[in-house]
Amino acid sequence: MKAPINKIIDMSFIDGPGCRISVFLQGCNMKCIYCHNPETQNICTSCRKCIDVCKSKAITFDEKITYNKDKCTNCDECINICNNYSSPKITYYTPKELFDYINKYKNFIDGVTFSGGECTLYSDFIVEFTKIIHEKTSLTVFVDTNGYIEKKSIDKLIYHVDGFMFDLKAFENDTHKKVTDVENHILFENMKMCSSVNKLYEIRTVLLEDINDDEIIFNRQLEFIKNLNEYTKFKLIPFRNYGVKGYLSKFNNYPDDKYIKYYDIAKSILKYRMHSSMI
């Protein structure tokens, strides 16, 4: 069993509790109009456009695109030229190979967080990795997800991993479909399930001006989070157009004064559970 990994961040303090290694898996089941990691959405189709722009010759073609990370200078020209919202810079790991990589850092971190893309597309991989790391270390495993998880996958993951972080793109279903191309009913069921077993660590929302920031609906979202439990954190993030492709690439950054207004509203309701992220 192998999974395609786009990148590994060896030290992060924003992807769950403590210091963590963040693992970004390739592929997603949403098409968010504000995606900040658009190159993680799809698997490479080997169109070969990236070969010509790779000055370090880290990308070659032999029946399919092959990537040599030792030659790569991370200029990202291959990602910039890709029209498939993909990346040739993918490394396939088995759960054991990923564990061997992470085990070198076990004395310096508190855990591992899987992200993406949408990491739950590889739920079997995450489960097998988690079994190994729980057996051999005291590290925790968190899942950073868009919440669009089919039941058989959430049933597996919730039994094994230590926590979930949900991106709630929009509280109202029609808006969620506009932003992501999918409906959000299943997200609420999955959040409730994770909450019921004390594994819903965080919910995050990126504010998009005049798209998902209706004040009445925002208050309904806050009441939903408040009534889930007494521990889940809420992180409110103002939209920034860094790295965004397509529809919102030229969209204005979320105004600071409006962000502060909504942050204050959220803090008045969720109090100590409220977190800010001025990305």
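Only a predicted model underlies this, so the values are computations on that prediction, with no experimental measurement involved.

### Side note on unusual backbone geometry
Logical step 1: Cis peptide bonds are those with omega within 30 degrees of zero, and the linkage from Gly116 to Gly117 qualifies with 15°.
Logical step 2: For Gly117, the location among the structural elements is in the loop between β6 (111-115) and α4 (123-136).
Logical step 3: Phi is positive for Asn74, close to 55°, though the residue is something other than glycine.
Logical step 4: Mapped onto the fold, Asn74 is located in the loop between β4 (65-67) and α2 (77-81).
Logical step 5: The backbone of Asp76 shows a phi angle near 65°, a positive value even though the residue is not glycine.

### Let's talk about the environment of Asp181
Logical step 1: Tracing the sequence through the fold places Asp181 in the loop between α6 (173-180) and α7 (185-196).
Logical step 2: The exposed category is assigned to Asp181, whose relative accessible area is 53%.
Logical step 3: Separated by 151 residues in sequence, Asp181 and Met30 have C-alpha atoms that sit 6.5 Å apart.

### Description of the pairing of β6
Logical step 1: With 5 of 5 residues buried, β6 lies mostly within the body of the structure.
Logical step 2: Here β6 shows two buried faces, one formed by Gly111, Thr113 and Ser115 and the other by Val112 and Phe114.
Logical step 3: As defined by bridge partners, strand β2 (residues 20-25) adjoins β6 across 5 bridges and the pair is classed as parallel. Residue pairing for β6: Ser22 is matched across the bridge by Thr113.
Logical step 4: When β6 meets strand β7 (residues 140-145), the two strands line up parallel, connected through 4 bridges. Across the sheet, residue Val112 finds its bridge partner in β7, namely Val141.
Logical step 5: Regarding the hand of the β-α-β motif, the stretch spanning β6, α4 and β7 is right-handed.

### Things to note about helix α3 (residues 95-103)
Logical step 1: For α3, the set of buried residues is Pro95, Leu98, Phe99, Tyr101 and Ile102. On an axial view of α3, the arc spanned by its buried residues comes to 160°, and they lie on one face.
Logical step 2: Where α3 is buried, its residues touch β1 (3-12), β2, β5 (91-93), β6 and α4.

### Remarks on the pattern of salt bridges
Logical step 1: Applying the stated rule across the entire model yields 15 salt bridges.
Logical step 2: Among the salt bridges present, the one from Asp167 reaches Lys169, with a minimum N-O distance of 3.8 Å. Lys169 carries the same exposure label as Asp167, and that label is buried.
Logical step 3: The partner of Lys258 in a salt bridge is Glu209, and the shortest N-O contact between them spans 3.5 Å. Of this pair, Lys258 sits in helix α9 (residues 256-270) while Glu209 is found in the loop between β9 (200-207) and α8 (215-228), placing the two residues 49 residues apart along the sequence.
Logical step 4: Taking the relative accessible area as the measure of exposure, Lys258 reaches 24% and is therefore partly exposed.
Logical step 5: Salt bridges sharing partners connect three or more residues here, namely Asp144, Asp167, Lys169, Glu202, Arg204 and Lys235.

### Points about the pairing of strand β8 (residues 163-167)
Logical step 1: Of all the 5 residues making up β8, 5 are buried; the element is thus mostly covered by neighbouring parts of the structure.
Logical step 2: Two strands pair when backbone bridges link them, and β7 and β8 are joined in this way by 4 bridges, in the parallel orientation. Along β8, the bridge assignment pairs Phe142 with Gly163.
Logical step 3: Handedness of the crossover joining β7 and β8 through helix α5 (residues 151-160) is recorded here as right-handed.
Logical step 4: Summarising the sheet, β8 and β9 pair through 4 bridges and their orientation is parallel. Residue pairing across strands places Phe166 opposite Ile203, the latter belonging to β9.

Thresholds, definitions, all that
- Residues numbered from 1 in each chain as written.
- Predicted model: local features only at pLDDT ≥ 70, side-chain atom pairs only at ≥ 80, totals over all residues.
- Heavy atoms only, no water.
- Helix = DSSP H or I, 4+ residues; strand = E, 2+ residues; numbered from the N terminus.
- Buried < 20%, exposed > 50% of the residue type's maximum accessible area, 1.4 Å probe, protein only.
- Pairing = 2+ DSSP bridges.
- Right-handed = clockwise from strand over helix to strand, strands pointing away.
- Arc of directions from axis to C-beta.
- Contact = heavy atoms within 4.5 Å.
- Salt bridge = Lys/Arg side-chain N within 4 Å of Asp/Glu carboxyl O.

By themselves, these are just geometric observations and shouldn't be taken as functional.
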